[in-house]
Amino acid sequence: MPANSISAIEARRTGTRFVLLCIGGIIAILLIATAFLLFTLPDANAFNARVEQVFIENSDLTGQAELRLLEILAQSGTAFADTLAGYRMVITVLLVFATAMLVAAVAALVMLVLLNRRMAQIEHSGIQVNSLILSREEKTVYLNNMAFKLTEAAIETLSVLAEARMDDEMLNGAEIEGMISGRSSADCDEASGATRIKRLRDALGNQLMTELLVKNIARKGYVLAIDKSVIKIV
Amino acid sequence: MKHVIAPLTLILLMAGTANAACYADYKAKRDAPLRLHYGVAEIEGDCTVANAESELADRVASDEWELLAVVSVFDEDGLEERRGNAGEFYLRY
């Protein structure tokens, strides 16, 4: 289904851009917050400067005991500034964690959206053949790991179609008949190939299989309507 | 000789005080950790706050103190009331 896979790739591209944008935004916010935190919180000197100002402005603050008291005030301010530095560290670490969580959340969200889109596409396209394994010995074909027993002739028809699909070729009825019977396709009848296709479809479930697997393209021939990478012949 | 020098210095000192001795009280600080002191010092030049500031800044800087402000200038009458507050910085610089 080429149309589906292209739109899925497009969705993934826009999704990647969106994720990168979101992550960039989150990191920018963290950097701004960190800069704000580091440059606006008062440093140890702010307390000393304030005490100094009080000392200068009050002319009667000259007693020995008063001066010692002012010094102690300045020291406790400095000690508090150390605590602030510790807080700053803790807050920065928490911010980093928060960013990591946000980035993970955004990535998960976008993945969820993309997955939903993909699911919608899969639902829209109905049953999708993810694997087709042909086993000649068991006379069985496995579609999405569901086993279908087929007759010898039907297996032959399916393997001819599978080989043609792997080579990106299309076969008409005469060519199919020719390949299976081993005669030149010029000597073969279009109708006998069509009969083989009809029997294969009958064995697999007719109309559903016509749409999903063995498609007829007018005036060109028959082709397996699946991605060639999922075909395996054992 | 000694008993000649002692009275001489006494006379010189008295001459100094008679010559209207000038004193100033000031505030100074030291950083990291913040230390503050209030002191009294004698001023040699003009008896003004501006002159006291310029003189004292150099003198206290010799001990790594930073002069913050000169509070006032006064003569020897104001010395006694400031002795207690100035403590070890009374006439030290």
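All values reported here derive from a predicted model rather than from experimental measurement.

Enquirer: Would you explain the overall build of chain B in this entry?
Expert: Along chain B, the regular secondary structure elements total 3 helices and 3 strands. Secondary structure elements of chain B occur, N-terminal to C-terminal, as α-β-β-α-β-α. Counting across all 93 residues of chain B, residues that qualify as buried make up 26%. For chain B, restricting intrachain contacts to residue pairs at least 6 apart in sequence, the fraction spanning at least 24 positions comes to 64%.

Enquirer: Teacher, can you tell me more about the pairing of strand β5 (residues 221-224) of chain A here?
Expert: If a strand is regular, its side chains alternate between the two faces of the sheet. All names here are of chain A. For strand β4 (residues 214-217) and β5, the ladder comprises 4 bridges, and the chain directions are antiparallel. Paired with V214 across the strands is L224, a residue of β5. Here β4 folds back onto β5, and the loop between the two strands holds 3 residues, one of which, R219, carries a positive phi near 65 degrees.

Enquirer: Looking at this structure, I do not really get helix α4 (residues 152-166) of chain A. What am I missing?
Expert: Helical periodicity: at 3.6 residues per turn, an α-helix aligns residues three or four positions apart in one direction. Residue and element names in this part refer to chain A. The end-to-end C-alpha distance of α4 is 21 Å, a good match for the 21 Å that 15 residues give at a rise of 1.5 Å each. Every buried residue of α4 is accounted for by A154, I155, T157, L158, V160, L161, A162, A164 and R165. Phi turns positive one or two residues past the end of α4, at D168, with a value near 60 degrees.

Enquirer: So what exactly am I meant to see when it comes to the pairing of strand β3 (residues 146-149) of chain A here?
Expert: All names here are of chain A. Two elements, strand β2 (residues 140-143) and β3, share 4 bridges in a ladder whose sense is antiparallel. In the strand pairing of β3, Y142 is matched with A147. Here β2 folds back onto β3 in antiparallel fashion, the turn holding 2 residues, of which N144 has a positive phi close to 50 degrees.

Enquirer: Just to check I follow, could you spell out the interface of chain A and chain B for this structure?
Expert: Interfaces are often described in size by the accessible area the parts lose on coming together. Listed as interface residues are 15 residues of chain A and, on the opposing side, 13 residues of chain B. At the level of secondary structure, the elements contributing two or more residues to the side of chain A that touches chain B comprise α2 (44-57) and α3 (64-124) of chain A. At 7 residues, α3 of chain A tops the list of elements feeding residues into the side of chain A that touches chain B. Residue composition of the side of chain A that touches chain B, by class: 6 nonpolar, 7 polar and 2 charged.

Enquirer: Honestly, the confidence of the model for chain B in this entry has me stumped. Any pointers?
Expert: Close inspection of predicted coordinates is inappropriate for parts of the model with low pLDDT. Residues and elements named next belong to chain B. Averaged over all residues, the pLDDT of chain B is 80; the fraction at 70 or higher stands at 80%. Within chain B, strand β1 (residues 22-30) carries the highest mean pLDDT (91), whereas helix α1 (residues 2-18) carries the lowest (49). Contacts for the low-pLDDT stretch residues 8-18, under 50 throughout, to residues beyond four places or in other chains number 2 contacts. We note a pTM of 0.47 for the whole complex and an ipTM of 0.70 for its interfaces.

Enquirer: Would you explain the sheet that holds strand β6 (residues 231-233) of chain A in this entry?
Expert: Strand pairing in a sheet takes place through backbone hydrogen bonds and is either antiparallel or parallel in direction. All names here are of chain A. Across the sheet, 4 strands lie side by side as β3-β2-β1-β6; this open sheet has mixed pairing. At either margin of the open sheet sits one strand with a lone partner, and together these are β3 and β6. Geometrically, the sheet is characterised by an average inter-axis angle of 20 degrees between neighbouring strands, direction not taken into account. Relative to β2, strand β1 (residues 132-135) is paired through 4 bridges, and the arrangement is antiparallel. Note that in β2 the partner of L132 across the bridge is L143. Taken strand by strand, α4 contacts β1, β2 and β6, and its axis lies near 125 degrees from that of β6.

Enquirer: How should I be thinking about the packing of α4 of chain A against helix α6 (residues 190-204) of chain A in this particular structure?
Expert: Helix-helix packing: each pair is described by the crossing angle between the helix axes and the interaxial distance. All names here are of chain A. One can describe the packing of α4 onto α6 by two numbers: an axis separation of 9 Å at closest approach and a directional angle of 105 degrees. When the interaxial angle is binned, α4 and α6 end up roughly perpendicular. Residues A153, A154, T157 and L158 of α4 form the contact with α6, whose own contacting residues are R196, I197, R199, L200 and A203.

Calculation notes
- Residues numbered from 1 in each chain as written.
- Chains lettered and ligands numbered in written order.
- Predicted model: local features only at pLDDT ≥ 70, side-chain atom pairs only at ≥ 80, totals over all residues.
- Helix = DSSP H or I, 4+ residues; strand = E, 2+ residues; numbered from the N terminus.
- Buried ≥ 20, exposed ≤ 12 C-beta atoms within 10 Å, placed from the backbone.
- Contact = placed C-beta atoms within 7 Å.
- Pairing = 2+ DSSP bridges.
- Expected span 1.5 Å × (residues − 1).
- Nonpolar A, V, L, I, M, F, W, Y, C, P; charged D, E, K, R; others polar.
- pLDDT = per-residue confidence, 0-100.
- Axes fitted to C-alpha atoms, helices over the stretch in contact; angles between N-to-C directions.
- Parallel < 35°, antiparallel > 145°, perpendicular 65-115°, else oblique.

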